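Chain by chain, the residues:
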Amino acid sequence: MTEVDLIIKNAHVFNVYLRKFLDTQVSIKNGKFYWINKELPNLKAKKIIDLQGKYLIPGFVDAHMHIDSSMTTPKIMGETILKYGTTTIVADDHEVTNVAGIKGLKEFINEDSPIDIFFGIPSSVPSTNPQMETTGGKIGVTEVKELLKDPRFICLGEVMNFKDLTSDKDTLIKKIINTCHQTKPTMPIEGHTPAYHDEDLAKILYAGVTTDHTQQTGDLVNEKIRNGMFVEVQLKSMHPDVINTIIDNNYFEHVALVTDDSMPDTLLNGHLNLLVKKAIKMGMKPEDAIYISTYIPARHMGLCDRGAIAPGRVADFSILDNLKELSIVDVYKNGISEKEIVKNDSKDEFSPKSLTNSVTAHKLTKQDLLLKTNLVDNGSVTANIIQINPVGTFTNHVQKKLTVHNQIVDWKSANLALIIVQERYGLNQSKFSFGLVDRGITGDGAVGATWAHDHHNLMVMGTNIDGMINIQHQLIKQNGGYMVAKGKEIVANAPLPIGGVVSNQPMKILGEQIGNVRKNLVELGYKNTNEIMSFSTLSLLVSPNLKISDKGLFEVKSQKKVPLFEK
């Protein structure tokens, strides 16, 4: 008689290979599934669970996400999302890498977590080049070779630099991809390919990129899949056009649901399970939604030991009492209940040395924020302006004529917000650049953060100069964070002392802090489906169309610098 640790009876068990539920029994031994069958004769179990008709599904596998983009640590992330059924993630932690390089990345990922974490090698640190943005760390071929020796790194993280990727020259990103192919020929090459199609898409695929996770349309999903690209669907792409395209064309072998960037206040309510639930409500069969969130992402990432309830696979699973509502009763990791694994919800004492005291910048004054031009003394100039869209992170490049008096530009009368990005690593004498934003803050106040993708310099936007100055001073004082001022008074503050991008507070506290930031942003007139991410990606030089860094304004696709003012 064989002894096992656990037998589960009377369950509807999801079989990923048949894509349907079977009424069967499941046994677990040493953290793995052992024998799955209608009857389990000759097995002696230490514990037996009768599920009385409940559902059993594999643990969710999130194939594309960023722990540091959730502003938290690996430990707190695991404790937070395990209860939502996510048992394995593939994290591309390029935020801390941009701050502190490979040293900071190694320190960050070496923290224990109750879930299994695999990693993507940050491919774009910086996301563009040092002429366009200043970062605290850089990743080159030498660093990639070092990370390839670590078995936890199973893919190349999202490749962002379209210009260098498709250049005729032997660029750094091409060398990095070739290095990965030489060492691990089947390693997935993650891409960041927003809105590229036709020959541009062919160039990206030809260069070796295999996957895309950016904002999708039905047409883009069709084109990418028929050209052999694996598509990762995040929340902002989950609209009827995309979901119906997947369903109507039976694309379930070629797509996966992923979270990408989960905001802390969102994590108070769920993780990948929220996307699975949404897909079901949008018309996808529960079996298919579960399939593309368990087996398919595991298979895509070469994680052949998980994503299925089958002999020899890691015993990660969730118990549901309602399939369509995806109501989770309990989650098991390695055959052990989450309730036994996660014991507390306390502050994480994790404090990597290379990610402490990382904000080095001089304090600005009101005089510093006078926006001047030498093009005219009095009259008007044409300004190149970042215009925010209500959905997603793409911006528009618009122009407006602004009045100039004694070389000082009147941006307030045009209902614009002023934005600055200040170098924070002490590498460029803390220099800063000016920009102007349309459809940003319309009320009297300011917002600022060192969580400014991907260079994570210090960025402040506002209509109230006193508020902007107070935020800039406080960000330096507390070594980073995300905050909002109404008038000149700071009314919301989420400190991020680890690299200026991560908090060590429990998710409940961090989530409430970010929720308060979001609430006050909305009250100041900021309009976007994700206000937190929208502001923080005004500095993301690989997300179209016009963005800003400490080096100035840039048109994303061409990487050309754009002057703030023209005659």
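Predicted model, so just to flag it, every value in this text is computed and none were measured.

### Looking at the overall build of the protein chain
Per the secondary structure count, the protein chain includes 16 helices and 28 strands. On C-alpha atoms alone, the protein chain measures out to a radius of gyration of 24 Å, which is about the 24 Å that the 2.2 N^0.38 rule sets for 567 residues. Along the three orthogonal principal directions, the C-alpha set of the protein chain runs to about 90 × 50 × 45 Å. Going through the 567 residues of the protein chain one by one, you find that 62% of them count as buried. Once local pairs closer than 6 in sequence are excluded, the contacts in the protein chain between residues at least 24 apart make up 69%. A total of about 21400 Å² of accessible surface is found on the protein chain, and carbon and sulfur atoms cover 48% of it. Side-chain charges of the protein chain comprise 62 positive and 64 negative groups, with the mean position of each set lying 2 Å from the other.

### A short note on the pairing of strand S21 (residues 445-449)
The buried count for S21 comes to five of five residues, which makes it a mostly enclosed element. Alternating residues of S21 divide into Gly 445, Val 447 and Ala 449 and Ala 446 and Gly 448, and every residue in both groups is buried. Strand direction decides the pairing type here: S21 and strand S23 (residues 481-486), joined by five bridges, are antiparallel. Counted as the bridge partner of Ala 446 is Ala 485 from S23. When S21 meets strand S22 (residues 458-462), the two strands line up antiparallel, connected through four bridges. Its bridge partner lying in S22, Ala 446 is registered against Gly 462.

### What to know about the side chain of Thr 128
Considering the arrangement of structural elements, one finds Thr 128 in the loop between strand S7 (116-121) and helix H3 (141-148). One polar contact links Thr 128 to Glu 133, side chain to side chain, over a distance of 2.5 Å. If near-sequence neighbours (up to four positions away) are discounted, Thr 128 is found in contact with Glu 133, Asn 161, Leu 541, Val 542 and Gln 559.

### Some points on the state of the cysteines
Considering all chains together, one arrives at zero disulfides under this definition. Cys 155 carries a free sulfur, and the closest cysteine sulfur to it, the one in Cys 180, is 9.2 Å from it.

### Some words on the sheet that holds strand S27 (residues 560-562)
Consider a sheet: its strands pair through backbone hydrogen bonds, and that pairing is either parallel or antiparallel. The sheet built from three strands is open, its strands ordered S25-S26-S27 with antiparallel pairing. Each edge of the sheet is formed by a strand with only one pairing partner; in this case those strands are strand S25 (546-549) and S27. Neighbouring strand axes in the sheet, compared pairwise and without regard to direction, differ in orientation by 40° on average. As defined by bridge partners, strand S26 (residues 552-555) adjoins S27 across three bridges and the pair is classed as antiparallel. Paired with Glu 555 across the bridge in S27 is Lys 560.

### Thoughts on the sheet that holds strand S6 (residues 86-91)
The parallel open sheet is built from eight strands, whose spatial order is S5-S6-S7-S8-S9-S10-S11-S12. Edge positions in the sheet fall to strand S5 (60-65) and strand S12 (255-257), since each of these pairs with one other strand and no more. Two elements, S5 and S6, share four bridges in a ladder whose sense is parallel. Within the sheet, the bridge partner assigned to Asp 62 lies in S6 and is Ile 89.

### Section: a nonpolar patch on the surface
Judged by side-chain polarity, Tyr 17, Leu 18 and Leu 22 come together as a nonpolar surface patch covering roughly 270 Å² of accessible area. If you trace the backbone, Leu 18 turns up in the loop between strand S1 (2-15) and strand S2 (20-29).

### Comments concerning the environment of Gly 511
Residue placement: Gly 511 occurs in helix H15 (residues 507-523). Taking the C-alpha atoms as reference points, Gly 511 and Leu 267, separated by 244 residues in sequence, lie 7.2 Å from one another. Aside from chain neighbours lying at most four places away, what touches Gly 511 is Pro 264, Asp 265 and Leu 268.

### Considerations on the nonpolar core
The biggest cluster of nonpolar side chains holds 128 residues, and the ones touching the most others in it are Leu 436, Trp 451, Met 461, Tyr 482, Phe 535 and Leu 538. The greatest single-element share of this core, amounting to seven residues, is contributed by helix H2 (residues 94-109). Not counting residues within four places of it along the chain, the set of residues in contact with Met 461 comprises Ala 417, Leu 418, Ile 419, Val 437, Gly 440, Ile 441, Ala 446, Val 447, Met 468, Tyr 526, Phe 535 and Leu 538. Listed in part, the 36 residues of the second largest apolar core include Phe 230, Met 284, Ile 296 and Ala 310.

### Here we look at the environment of Ala 361
With respect to the secondary-structure elements, Ala 361 resides in the loop between helix H13 (338-341) and strand S16 (378-388). As a C-alpha pair, Ala 361 and Lys 561 span 200 residues in sequence and 24 Å in three-dimensional space. Not counting chain neighbours up to four residues away, the residues in contact with Ala 361 comprise Gln 422, Glu 423, Arg 424, Ser 430 and Ile 476.

Cut-off values and rules
Residues numbered from 1 in each chain as written. Predicted model: local features only at pLDDT ≥ 70, side-chain atom pairs only at ≥ 80, totals over all residues. Heavy atoms only, no water. Helix = DSSP H or I, 4+ residues; strand = E, 2+ residues; numbered from the N terminus. Rg over C-alpha atoms; globule rule 2.2 N^0.38 Å. Buried < 20%, exposed > 50% of the residue type's maximum accessible area, 1.4 Å probe, protein only. Contact = heavy atoms within 4.5 Å. Areas by Shrake-Rupley, 256 points an atom, 1.4 Å probe, with all protein chains shown as cover. Lys, Arg positive; Asp, Glu negative; His and termini not counted. Charge placed at Lys NZ, Arg CZ, Asp CG, Glu CD. Pairing = 2+ DSSP bridges. Polar contact = N/O pair within 3.5 Å; in protein donor to acceptor, adjacent residues only side chain to side chain. Disulfide = S-S within 2.5 Å. Axes fitted to C-alpha atoms, helices over the stretch in contact; angles between N-to-C directions. Patch = residues over 30% accessible without salt bridge, like charges linked within 9 Å, V, L, I, M, F, W, Y side chains within 5 Å. Salt bridge = Lys/Arg side-chain N within 4 Å of Asp/Glu carboxyl O. Core = buried A, V, L, I, M, F, W, Y, C linked by side-chain atoms within 4.5 Å.

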